[in-house]
Amino acid sequence: KAGVTQTPRYLIKTRGQQVTLSCSPISGHRSVSWYQQTPGQGLQFLFEYFSETQRNKGNFPGRFSGRQFSNSRSEMNVSTLELGDSALYLCASSLRSRRGGYNEQFFGPGTRLTVL
Amino acid sequence: TQLLEQSPQFLSIQEGENLTVYCNSSSVFSSLQWYRQEPGEGPVLLVTVVTGGEVKKLKRLTFQFGDARKDSSLHITAAQPGDTGLYLCAGDRYGGSQGNLIFGKGTKLSVKP
């Protein structure tokens, strides 16, 4: 089974620009979560999509948004980039069902975003 | 305030030594996962512990979930250079009904040959 894929792997942008990152989950996984990882803050939860709907959201400004398509692929968008948005953006997929169960998440390799 | 505290933050040891990494919280978790992350890659799931007091072994790695399901530990026996990486614990407070895990900041382990 193919793992979680993320594109692009590396991205360099300048302040004020916007960026779109893509994530393809493991086949059969319907939940996609996005995390931001920085050396200072570690992994912080951005949002989760399940069945094309945002189910949970972390404490990030509205410049961070996302969406999920019918095939479970997900994109996240960051508008008006700031220097502090430089980070590794990780996508994770899971089999999460409405009945719960173990929330085991499987991560992609991440997209390294650098904002100049 | 960090919900999951990991210690130590950094650990540099020689090949063959034993080590323990701790993950502590004041909150109860329905399950807790341990991940290992190598530079430039995403975290890779090592184990999930669910029951208070549970012990799981993965070759030279032993994982324990506290009786009250608020803390966990990872013990590595006879560490090898291939064990080098960032070890992350992550807790699920909602029994899988919500899609976010709470992550500790990680323990960066370096095993020298």
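See the structure shown above.
What you see is a predicted model; the values in this text were computed from it and never measured.

*Asks:* I would appreciate a short explanation of the overall build of chain B in the present structure.
*Replies:* If you tally the helices and strands in chain B, you get 0 helices and 11 strands. Listed N to C, the secondary structure of chain B is β-β-β-β-β-β-β-β-β-β-β in terms of helices and strands. Whereas a compact globule of 113 residues would reach a radius of gyration of roughly 13 Å, chain B reaches 13 Å, a difference of no more than 12%. Principal-axis analysis of the C-alpha atoms gives chain B an extent of 40 × 30 × 25 Å. Out of the 113 residues in chain B, the part that is buried amounts to 45%. The contacts of chain B with a sequence gap of at least 6 include a subset with a gap of at least 24, amounting to 55%. Accessible surface, chain B as shown: approximately 5,200 Å² in total, 49% of it carbon and sulfur.

*Asks:* In this structure, what is going on with the sheet that holds strand S8 (residues 74-78) of chain A? I would like to understand it.
*Replies:* Hydrogen bonds between backbone groups are what pair the strands of a sheet, and the pairing can be parallel or antiparallel. Residues and elements named next belong to chain A. One open sheet holds the 4 strands; their spatial order is S1-S3-S8-S7, and the pairing between them is antiparallel. Two strands lie at the open edges of the sheet, namely strand S1 (5-7) and strand S7 (64-68), each paired on one side alone. Averaged over all adjacent pairs, the angle separating strand axes in this sheet is 20 degrees, with direction ignored. Sheet analysis places S1 next to strand S3 (residues 19-24), joined by 3 bridges and oriented antiparallel. Considered in S3, the bridge of Gln 6 is made with Cys 23.

*Asks:* Honestly, the state of the cysteines in this entry has me stumped. Any pointers?
*Replies:* Put plainly, two cysteines are in a disulfide when a covalent bond ties their sulfur atoms together. Summed over all chains, the structure comprises 2 disulfides over all chains. Note on cysteine connectivity: Cys 23 of chain A is disulfide-linked to Cys 91 of chain A, with sulfurs 1.7 Å apart. Residues Cys 23 of chain A and Cys 91 of chain A are joined through a disulfide that is left-handed, its torsion about the S-S bond being -40 degrees. Taken together, the residues span a long stretch of sequence, with Cys 23 of chain A in strand S3 and Cys 91 of chain A in strand S9 (residues 87-94) at a distance of 68 residues. Judged by relative accessible area, which is 0%, Cys 91 of chain A ranks as buried. Here Cys 23 of chain B connects covalently by a disulfide to Cys 89 of chain B, the sulfurs 2.0 Å from one another. Taking the torsion about the sulfur-sulfur bond, which here is approximately 75 degrees, the covalent link between Cys 23 of chain B and Cys 89 of chain B counts as right-handed. Here Cys 89 of chain B lies in strand S9 (residues 85-92) and Cys 23 of chain B lies in strand S3 (residues 19-24), a separation of 66 residues in the sequence.

*Asks:* For this particular structure, what's the right way to read the sheet that holds strand S1 (residues 5-7) of chain B?
*Replies:* Residue and element names in this part refer to chain B. Pairing within the open sheet is antiparallel, and its 5 strands lie in the order S1-S3-S8-S7-S6. What marks the edges here is a single partner per strand, and that holds for S1 and strand S6 (55-58). Across this sheet, the average inter-strand angle for adjacent strands is 15 degrees, counted without regard to direction. Pairing between S6 and strand S7 (residues 61-65): 4 bridges, direction antiparallel. Following the sheet pairing, Lys 57 is matched in S7 by Thr 62.

*Asks:* Would you mind going over the pairing of S9 of chain B with me for this structure?
*Replies:* Two faces, one strand: in a regular strand the side chains alternate between the faces of the sheet. Residue and element names in this part refer to chain B. Taken across its 8 residues, S9 has 8 buried, putting it largely inside the fold. Inspection of the sheet shows strand S4 (residues 31-37) paired to S9 by 7 bridges, in the antiparallel sense. Among the inter-strand pairings, Ser 31 is bridged to a residue of S9, identified as Asp 92. By the bridge criterion, 3 bridges tie S9 to strand S11 (residues 107-112) in an arrangement that is antiparallel. The residue of S11 that forms the bridge with Gly 85 is Leu 109. With 2 bridges connecting them, S9 and strand S10 (residues 102-103) associate as antiparallel partners. Looking at S10, one finds that Ala 90 is bridged to Phe 103.

*Asks:* Got a minute to help me understand unusual backbone geometry in this structure?
*Replies:* A negative phi angle is the norm for most residues apart from glycine, just as the trans form is the norm for most peptide bonds. Residues Thr 7 of chain A and Pro 8 of chain A are joined by a peptide bond in cis, for which omega reads -10 degrees. Tracing the backbone shows Pro 8 of chain A in the loop between S1 and strand S2 (10-13). A cis amide bond, omega -10 degrees, links Ser 7 of chain B with the succeeding residue Pro 8 of chain B. Turning to its location among the elements, Pro 8 of chain B is positioned in the loop between S1 and strand S2 (10-14). Not every positive phi belongs to a glycine, and Ser 72 of chain A is a case in point at roughly 75 degrees. Its place among the elements puts Ser 72 of chain A in the loop between S7 and S8. Despite not being glycine, Ala 78 of chain B shows a phi value in the positive range, around 50 degrees. Along the chain, Ala 78 of chain B turns up in the loop between strand S8 (71-76) and S9.

Calculation rules
- Residues numbered from 1 in each chain as written.
- Chains lettered and ligands numbered in written order.
- Predicted model: local features only at pLDDT ≥ 70, side-chain atom pairs only at ≥ 80, totals over all residues.
- Heavy atoms only, no water.
- Helix = DSSP H or I, 4+ residues; strand = E, 2+ residues; numbered from the N terminus.
- Rg over C-alpha atoms; globule rule 2.2 N^0.38 Å.
- Buried < 20%, exposed > 50% of the residue type's maximum accessible area, 1.4 Å probe, protein only.
- Contact = heavy atoms within 4.5 Å.
- Areas by Shrake-Rupley, 256 points an atom, 1.4 Å probe, with all protein chains shown as cover.
- Pairing = 2+ DSSP bridges.
- Axes fitted to C-alpha atoms, helices over the stretch in contact; angles between N-to-C directions.
- Disulfide = S-S within 2.5 Å.

Limitation: the analysis is restricted to geometry and does not speak to function.
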